[in-house]
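These are the residues of each chain, in order.
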Amino acid sequence: MTRPLDVVDLGCRPYREVLELQRALRLGRLDGTVPNDLLLLVEHEPVFTLGRGTHQASLPMPAEQLRARGADVVEIERGGDVTWHGPGQLVGYPILHLSHLREDLHWYLRTLEQALIDGLAGLDIMAGRNAGKTGVWTNGRKVASIGVHVKQWVTLHGFALNVQPDLSWFDLIVPCGIHGVEMTSIRRELDSRETDAALWHRTLATVTEAFGRAFARQPRRLLAVAELPLYPSHHG
Amino acid sequence: MATKVVMEALSPTMEEGRLVEWKKNEGDAVAVGDVLAEVETDKAVMELVARAAGTLIKQSVAAGSTVPVAATVAWIGSAGEAVPGGGTAAGGPAAGVDAAAAQPAAPPAPAAATPPTPQQPAPAAVELPAVPPSAPAGRIKASPLARRIAAETGIDLGGVSGSGPEGRIIKRDLDQLATVGPGEPRPPERAPRQRAEGGAAYADVTLTPMRKTIAKRLVQSIGPIPTFYLTAEADMERASDAREALVARDESGKFSFNDFIILAAATALHQHPWVNAWWMEDKVRQWHEVHIGVAVAVDEGLITPVIRNADQKSLREIAAEVRELAGRARERKLKPEEYTGATFSISNLGMFGIDEFTAVINPPEAAILAIGRIEPKPVVVDGEVRVRRRMRITMSCDHRVVDGATGAAFLKTLVEMLEYPLALVW
């Protein structure tokens, strides 16, 4: 029998709030109060996050100037360099106990990529990997970024898939520390006439399904975080 | 007696890790399970956890350094204790690996890839030579890595004595089984009798990502795809003459037979949309564009760079593009879009002296051509036996897309184009 995957669509929420939520859920996953693997799906308000591998040169603009443009700047524990999250980008935070899957970091990264590649194929976008550059690429452009943190084989952070964001945000930084990288979005690759809402929901459904398949989990939609067994009083 | 802390393999394919940040300073007390440092590999950060208790007496590498798997990064001992072999770890038993740690460009330790030779310390998680193995009572203690190796190789952990903390079975103990066998005492340090490859009965080679992809793709292919094969023989006399004449006339116009076959196939595919197609589970996509994947052998595998819109290109353009892409394929410098998206593929083993063979379909493509060598053969022409240069072509077809007659019709067109090269410009 396939184990369940609890999928929660958090809607649009600030980065720091969801970071706290992730950390709480990971503790619950570690001590068993959260019985199932989880996939949190969220759209953030604009934020630049600096991973453990952030190089000085990836941030040509001081943090204050980025904040002045209405984005938050947060330093976090995930791997990788600087990136941006914001409206139009589907961010996924899988909280998986890898001991029940495979205790193998590279396997986890590659399977995460596979889930996104399969999800994009479901949207008729042919995407692939770029050896040595974690993430998902299509026609030489980067459509999804990945950065994770693993503690006692429970995962935190995850992926950011550009559905239809304002890509000019990425011009303010050197995304992932890769010079000359061109970011793209599903909207740009598809050139479709769908409404924003239609494309968003189609992407969310396809990615969720592909994610379940890649990790051999049966996705179950939960209506809200409140449905999670552990979650105490939600912050704010 | 101090204990080494080594860069652990957080994945079998991990060769090195970057020590991002120390969480314990020299002189700090350390308990088993404490987080010593954070390690980054690829885009993942994970914690390096203490496997022994005591005091962190030495950090052998600075935060920010990239260190090969199994290299010593720190020592745990009792407060005030010196690192074995002198004040710094560099002079101690770990000198070899520490030197490697100082040079990230040095070839990384082949974790889990080869059985250890006596001169080379096994890439064990933690080495605790001074701790006597305590007998496991009932439950077998083993590291996750050792459990996985045991499960994969069928070793019964019950018969293995562990040399890790508290008699825990670690990878090194299993590595030794490969040469020693269960139950036997460990041999003293002496040079083994010389045999090829250091005396091991076999060598386990870690799968490269490319090897895994090939396996996955080919299993996908030969398993669920109902494949059938069609073979035809083409007379290559005219093509050979034409090629010789072109090359004799202009050295820069050099092209291979394979370039010519790509052009002929691309032109023929244009007339046979059922063969220039993808099987997409719920539909068949007939391509109007013709993108030909050309199998190129590279070290440890193969890759199929794609000649896009091959039906729109001249022989000269195809020849130049194939040469350029194949060169970069061998250097592993192709971008994903340069080896994905083919609508049809061609594999040619003629240069290896193969008469004929069958190729495995690259899903979702519906067919692939396997080209044998061009060989002078006696054939009957106009009632007389003549020697002609002939070439055998075998097409593998996905029967869900291509039927026998459809495939045969395409092959007929292709053979005509090969036999009458002028048809290509007609």
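A. Just the overall build of chain B, in detail. When helices and strands are tallied, chain B shows nine helices and 18 strands. Expressed as a percentage of the 426 residues in chain B, the buried residues total 40%. Pairs at least 24 residues apart make up 63% of the contacts formed inside chain B by residues separated by at least 6 positions.

B. Molecular detail of the nonpolar core. In terms of nonpolar packing, the biggest core is built from 79 residues, with Leu 116 and Leu 161 of chain A together with Val 73 and Ile 76 of chain B touching the most fellow members. With eight residues, helix 3 (residues 105–122) of chain A is the largest single contributor of residues to this core. What Leu 161 of chain A contacts, discounting residues up to four positions off in sequence, is Gln 89, Leu 90, Leu 116, Val 143, Ala 144 and Val 207 of chain A.

C. Representation of helix 7 (residues 315–330) of chain B in the model. All names here are of chain B. For helix 7, which comprises 16 residues, the first-to-last C-alpha distance of 22 Å matches the rise-based estimate of 22 Å (1.5 Å per residue) to within 8%. Among the residues of helix 7, those classed as buried are Ile 318, Ala 319, Val 322, Leu 325 and Ala 329. Along the axis of helix 7, the buried residues cluster in a sector spanning 145°; they form a single face. Turned more than 90 degrees away from the buried face of helix 7, the exposed residues are Glu 324 and Gly 327. Structurally, helix 7 contributes buried residues whose contacts are with helix 6 (257–270), strand 12 (292–294), strand 13 (296–298), strand 14 (301–303), strand 15 (306–307) and helix 8 (336–339). Taken from the residues just after helix 7, Arg 332 is the one with a positive phi, measuring 60°.

D. Looking closely at the interface of chain B and chain A. Contacts between chain B and chain A engage 21 residues on the former and 27 residues on the latter. Taken together, the elements giving at least two residues each to the side of chain B that touches chain A come down to strand 4 (35–41), strand 5 (44–49) and helix 8 of chain B. Among the elements that take part in the side of chain B that touches chain A, strand 5 of chain B stands out by supplying four residues, more than any other. Looking at side-chain class alone, the side of chain B that touches chain A contains nine nonpolar, five polar and seven charged residues. Note that strand 9 (residues 141–151) of chain A and strand 5 of chain B share three bridges and pair parallel. Bridge pairing links Val 150 of chain A to Met 46 of chain B in strand 5 of chain B.

E. Just the sheet that holds strand 8 (residues 72–77) of chain B, in detail. All names here are of chain B. The sheet built from four strands is open, its strands ordered 1-8-6-3 with antiparallel pairing. Strands at the two margins of the open sheet, each flanked by one partner only, are strand 1 (3–6) and strand 3 (29–30). With four bridges joining them, strand 1 and strand 8 adopt antiparallel strand pairing. Its bridge partner lying in strand 8, Thr 3 is registered against Ile 76.

F. Fine view of the pairing of strand 17 (residues 367–381) of chain B. Residue and element names in this part refer to chain B. Sheet analysis places strand 16 (residues 344–348) next to strand 17, joined by four bridges and oriented parallel. In the strand pairing of strand 17, Ile 346 is matched with Leu 369. Pairing of strand 17 with strand 18 (residues 384–398) involves 13 bridges; the strand directions are antiparallel. Among the inter-strand pairings, Pro 378 is bridged to a residue of strand 18, identified as Val 387. Where strand 17 folds back onto strand 18 in an antiparallel hairpin, the turn is made up of two residues, including Asp 382, whose phi is positive at roughly 50°.

G. View of unusual backbone geometry. Pro 364 of chain B follows Pro 363 of chain B through a cis peptide bond whose omega is 5°. One can find Pro 364 of chain B in the loop between strand 16 and strand 17. Despite not being glycine, Asn 139 of chain A shows a phi value in the positive range, around 50°. Locating Asn 139 of chain A in the fold gives a position in the loop between strand 8 (133–138) and strand 9. Overall, the presence of 17 C-beta atoms within 10 Å leaves Asn 139 of chain A in the partly exposed class. One non-glycine residue with positive phi stands out, namely Trp 153 of chain A, at about 65°. Position of Trp 153 of chain A among the secondary structure elements: in the loop between strand 9 and strand 10 (154–162). A count of 21 C-beta atoms within 10 Å places Trp 153 of chain A in the buried class.

H. Geometry of helix 5 (residues 196–214) of chain A. All names here are of chain A. Over its 19 residues, helix 5 runs 27 Å from end to end, which matches the ideal 27 Å to within 8%, given 1.5 Å per residue. Three or more residues of helix 5 are buried, namely Leu 199, Thr 203, Leu 204, Val 207, Thr 208, Ala 210, Phe 211 and Gly 212. Phi turns positive, to about 55°, at Ala 216, one or two residues after helix 5.

I. Molecular detail of the packing of helix 6 of chain B against helix 7 of chain B. All names here are of chain B. Close contact between helix 6 and helix 7 brings their axes to 9 Å; oriented N to C, the two are set at 120°. As the angle between them shows, helix 6 and helix 7 are arranged oblique. Handedness of the helix 6/helix 7 crossing: right-handed. Judged by residue contacts, Asp 259, Phe 260, Ile 262 and Leu 263 of helix 6 engage Leu 315, Ile 318, Ala 319 and Val 322 from helix 7.

J. Layout of the pairing of strand 4 of chain B. Residues and elements named next belong to chain B. Within strand 4, six of the seven residues are buried, which leaves the element mostly enclosed by the surrounding structure. Here strand 2 (residues 16–22) pairs with strand 4 via four bridges, running antiparallel. Among the inter-strand pairings, Trp 22 is bridged to a residue of strand 4, identified as Ala 37. Summarising the sheet, strand 4 and strand 5 pair through six bridges and their orientation is antiparallel. From the neighbouring strand, Val 35 faces strand 5, where its bridge partner is Val 49. Counting the residues that bridge the hairpin from strand 4 to strand 5 gives two residues, and of these Asp 42 lies at a positive phi of roughly 60°.

K. Highlighting the packing of helix 6 of chain B against helix 9 (residues 404–419) of chain B. Residue and element names in this part refer to chain B. Running from N to C, helix 6 and helix 9 point in directions that differ by 135°, and their axes come no closer than 9 Å. Judged on the interaxial angle alone, helix 9 and helix 6 are oblique. For the crossing formed where helix 6 meets helix 9, the hand is right-handed. On helix 9, the residues that touch Ala 264, Ala 265, Thr 267 and Ala 268 of helix 6 are Phe 410, Thr 413, Leu 414, Met 417 and Leu 418. Here the residues of the contact of helix 6 with helix 9 sort into seven nonpolar, two polar and no charged.

L. Focus on the confidence of the model for chain B. In the predicted model, chain B carries a mean pLDDT of 77, and the fraction of residues at 70 or more is 70%. The low-confidence segment residues 87–138 of chain B, where pLDDT is below 50, has 108 contacts with residues more than four positions distant or belonging to other chains.

M. Inspection of the sheet that holds strand 15 of chain B at higher detail. Residues and elements named next belong to chain B. Spatial ordering of the open sheet is given by 9-18-17-16-12-15, a layout of six strands whose pairing is mixed. Each of the sheet's edge strands pairs with one partner strand only, and the pair in question is strand 9 (227–235) and strand 15. With respect to the sheet, helix 9 is in contact with strand 9, strand 17 and strand 18, its orientation differing from that of strand 9 by roughly 20°.

Rules behind the numbers
Residues numbered from 1 in each chain as written. Chains lettered and ligands numbered in written order. Predicted model: local features only at pLDDT ≥ 70, side-chain atom pairs only at ≥ 80, totals over all residues. Helix = DSSP H or I, 4+ residues; strand = E, 2+ residues; numbered from the N terminus. Buried ≥ 20, exposed ≤ 12 C-beta atoms within 10 Å, placed from the backbone. Contact = placed C-beta atoms within 7 Å. Core = buried A, V, L, I, M, F, W, Y, C linked by C-beta atoms within 7 Å. Expected span 1.5 Å × (residues − 1). Arc of directions from axis to C-beta. Nonpolar A, V, L, I, M, F, W, Y, C, P; charged D, E, K, R; others polar. Pairing = 2+ DSSP bridges. Axes fitted to C-alpha atoms, helices over the stretch in contact; angles between N-to-C directions. Parallel < 35°, antiparallel > 145°, perpendicular 65-115°, else oblique. Left-handed = near helix turned anticlockwise from the far one by under 90°. pLDDT = per-residue confidence, 0-100.

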